[in-house]
Each structure stands twice: as C-alpha cells, then as structure tokens.
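Below are the chains, spelled out letter by letter.
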Amino acid sequence: MFIAVKNLKKSYTTGKSKTEILKGVSLGLEKGQTGVILGPSGSGKSTLMNIIGGVDLADSGSIRVDGLELAALNDDQLTDYRRDSVGFIFQFYNLVPNLTVMENIEVVANISKAPLDMDTVLKAVGLETKKRNFPRELSGGEQQRVAIARAIVKNPKLLLCDEPTGALDYETSRSVLSLLQRINRDLGTTILMITHNTAIGDMANVVYKVRSGEIVETIRHEETTAAE
Ligand code: ADP
Ligand code: ADP
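From a predicted model like this one, the values you see are computed outputs, not experimental measurements.

Criteria and cut-off values
Residues numbered from 1 in each chain as written. Chains lettered and ligands numbered in written order. Predicted model: local features only at pLDDT ≥ 70, side-chain atom pairs only at ≥ 80, totals over all residues. Heavy atoms only, no water. Axes fitted to C-alpha atoms, helices over the stretch in contact; angles between N-to-C directions. Helix = DSSP H or I, 4+ residues; strand = E, 2+ residues; numbered from the N terminus. Parallel < 35°, antiparallel > 145°, perpendicular 65-115°, else oblique. Left-handed = near helix turned anticlockwise from the far one by under 90°. Contact = heavy atoms within 4.5 Å. Nonpolar A, V, L, I, M, F, W, Y, C, P; charged D, E, K, R; others polar. Pairing = 2+ DSSP bridges. Near = heavy atom within 4 Å. Polar contact = N/O pair within 3.5 Å; in protein donor to acceptor, adjacent residues only side chain to side chain. Areas by Shrake-Rupley, 256 points an atom, 1.4 Å probe, with all protein chains shown as cover. Salt bridge = Lys/Arg side-chain N within 4 Å of Asp/Glu carboxyl O. Buried < 20%, exposed > 50% of the residue type's maximum accessible area, 1.4 Å probe, protein only.

## What to know about the packing of helix α3 (residues 101-109) against helix α5 (residues 140-152)
Then comes step 1: Following both chains from N to C, one finds α3 and α5 inclined at 25 degrees, their axes separated by 8 Å at the closest point. Relative to α5, the element α3 lies roughly parallel. Considering the relative orientation of α3 and α5, their crossing is right-handed. Across the interface between the two elements, V101, N104, I105 and V108 from α3 touch V146, A149 and R150 from α5.
Then comes step 2: Here the residues of the contact of α3 with α5 sort into 5 nonpolar, 1 polar and 1 charged.

See the structure below:
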C-alpha cells in the first residue's frame, strides 16, 4: 500500500471540552491510484488529509506513506516529507497575488529537490501564454491550473486536493478534474481528493465515505482507467 492509515485518532480541545474529530480511521490506497474522500462538512475530511500531508499530527494510530511512518518523524523530517513528497491543492487557489504565474510556480520549484522543467509544467496545465500574467488577470479555472502547476512542479509522489473544484462552475470543474486525471496517468502521481460532490467519486479507484470522523464505507472501482 502506498498510503496505509491504521486506527488514526485525533481530538481537538477547546477550553475544557474535548471533541474527537477522527475516531479510528483506517484506509489504504495503492501507488498510482486516485482516492476520493466523500462526506459532509465537518466530518473530519480536511483533518484526515492534513495528517496524511504532514501538516497536522495524529494523537494515535499509524500513518504510512510510501513506507514512511509519519507518526515517527521529527519536525525536520516532517518538513522534508511535505516539501519533497506532497503537493497540495486547495479550493481557493492560495496564489501569491503580486507574483506572476511563472513566479508563483518558481517559488516551489526553487526549493524542490528535482523540479520538473517549467515549460513542461506550463504546457501540461495549458498556461504557456499566461505565464507573465498575474493571478487577478486569470479566471478561476486558470488560477486553479496555476495552483496545480505549482503543486506538480516538484514532481510529488502524492497530490492532496481539498475541494479542488469547490469554487468552480460545472464545465470548469470538469476540465480541472480531467487535468488531474491526466497528471495521474502521465506522471503516475497518487492522488487523494476531498469532495462533497458524489459524481467526482466515479473517476476514483477508491471512494471513502466519511461520517462524523469515521469511514463508514469504502468502495473500490477495480477497472477504472486511472489504475496502473
Ligand atoms: P471537513 O473537512 O469534513 O469539513 P474538518 O476536518 O475541517 O472537516 O473539521 C472537522 C471538525 O474539526 C470540525 O468540527 C472543525 O470545527 C473541527 N476542527 C478542525 N480543525 C480544528 C482545530 N484546529 N481546532 C479545533 N477544532 C478543529
Ligand atoms: P516549511 O515549513 O518548510 O516552510 P511548508 O509547510 O510551508 O514547509 O510547505 C512545505 C510544502 O508544502 C511547500 O513546498 C508547498 O508546496 C506545500 N504547501 C504547504 N502549504 C501550502 C499552501 N498554503 N499552498 C501551497 N502549497 C503549500
């Protein structure tokens, strides 16, 4: 298993009350597969993804990604893991407003061990002609493609997408999703995506349904095109 999460628990304490956000979550995803986490708002999806991405820590349980036990890493090792192995994509693109498209991507390329070539990345996301534009000059779909370029330029093993189409209309969402599928196919990047859109589950190898901090159902689609 490329991602193997076992009995992950996480609580948050506010004042004197402790709330269990993840109540013993286990999931597995093979290398090169696409997994979708489906569930209502507040069910713990982002918390789960943040822990798998090394930006938040579990209270207990095992989180193995590509053979690395995240729970056993110190802060520096966790930073290296995030920087070298994980690309993040969010609902609201999080681009740096006063940097051009190319500069936004370079920020990440410059701290990457083995970055992909800038022209290759711009071409992959279809933004060759926009490389000198600023984010505000782009449509929402284009801004999300910059964010995808920034996430893939370091050639991460794992791409974590938190509601990547949440701010986009239907047609634009479709083109962003097909771009992600193409990345999965061409670069072999394993993708884990959060959504509350059940239709997006159809493109995944595995769908995890989350309710109140638990995975209540795991659906594996054996013969999808994304496999292998
Ligand atoms: P989802 O992504 O499914 O909407 P989240 O993982 O974002 O769910 O949040 C699950 C619950 O955890 C929510 O009730 C949220 O308020 C709470 N939560 C998330 N992060 C924190 C935090 N840092 N401190 C306290 N509570 C948090
Ligand atoms: P560090 O502590 O080394 O600065 P960060 O957590 O800031 O590490 O980021 C490490 C990697 O995680 C970055 O290379 C970046 O790709 C990704 N990342 C983290 N947060 C964001 C974000 N808000 N937007 C885009 N990428 C992010």
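Additional details are given in the paragraphs that follow.
## Considering the pairing of strand β1 (residues 3-14)
Then comes step 1: The pairing of β1 with strand β2 (residues 17-29) spans 10 bridges and is classified as antiparallel. What sits directly across from T14, in β2, is S17.
Then comes step 2: As judged from the 5 bridges shared by β1 and strand β4 (residues 60-65), these two strands associate in the antiparallel manner. Along β4, the bridge assignment pairs A4 with R64.

## Topic: the site of ligand 2
Then comes step 1: Close contacts around ligand 2 come from T79, R82, F88, F90, N94, I111, R150 and K154, and that covers them all.
Then comes step 2: A distance of 2.9 Å separates an oxygen atom of ligand 2 from a polar atom in the side chain of R82.
Then comes step 3: In this structure, K154 approaches ligand 2 through a side-chain N or O atom, which is 3.1 Å from an oxygen atom.
Then comes step 4: Burial of ligand 2 by the protein amounts to 60% of the accessible area it has alone, namely 550 Å².

## Focus: the pattern of salt bridges
Pairing is possible between side chains of opposite charge, provided their charged atoms come close.
Then comes step 1: This model, assessed by the stated rule, comprises 8 salt bridges.
Then comes step 2: The closest approach of N and O atoms between K10 and D56, which form a salt bridge, is 3.4 Å. Linking K10 in strand β1 with D56 in the loop between α1 (45-52) and β4, this pair joins segments that are 46 residues apart in sequence. The residues K10 and D56 share a single accessibility class, namely buried.
Then comes step 3: The partner of D80 in a salt bridge is R83, with the nearest N and O atoms 2.8 Å apart. Here D80 pairs with R83, and both are found in helix α2 (residues 75-85), just 3 residues apart, close to one helical turn.
Then comes step 4: For D80, a relative accessible area of 34% puts it in the partly exposed group.
Then comes step 5: In this structure, a network of salt bridges that share partners links the residues D80, R83, D84 and K113.

## A short note on the packing of α5 against helix α6 (residues 170-187)
Then comes step 1: At a closest axis distance of 10 Å, the pairing of α5 and α6 adopts a crossing angle of 20 degrees. Between α5 and α6, the angle falls in the class roughly parallel. Where α5 crosses over α6, the handedness of that crossing is right-handed. Residues G141, Q144, R145, I148 and I152 of α5 lie in contact with α6, whose contacting residues are T172, V176, L179, L180, I183 and L187.

## What about the sheet that holds β1?
Then comes step 1: Strand order in this open sheet of 4 strands is β2-β1-β4-β5, and the pairing throughout is antiparallel. Every interior strand has two partners, whereas the edge strands, β2 and β5 (68-69), have only one.
Then comes step 2: Across the face of the sheet, α1 comes into contact with β1, β2 and β4 while running at roughly 120 degrees to β1.

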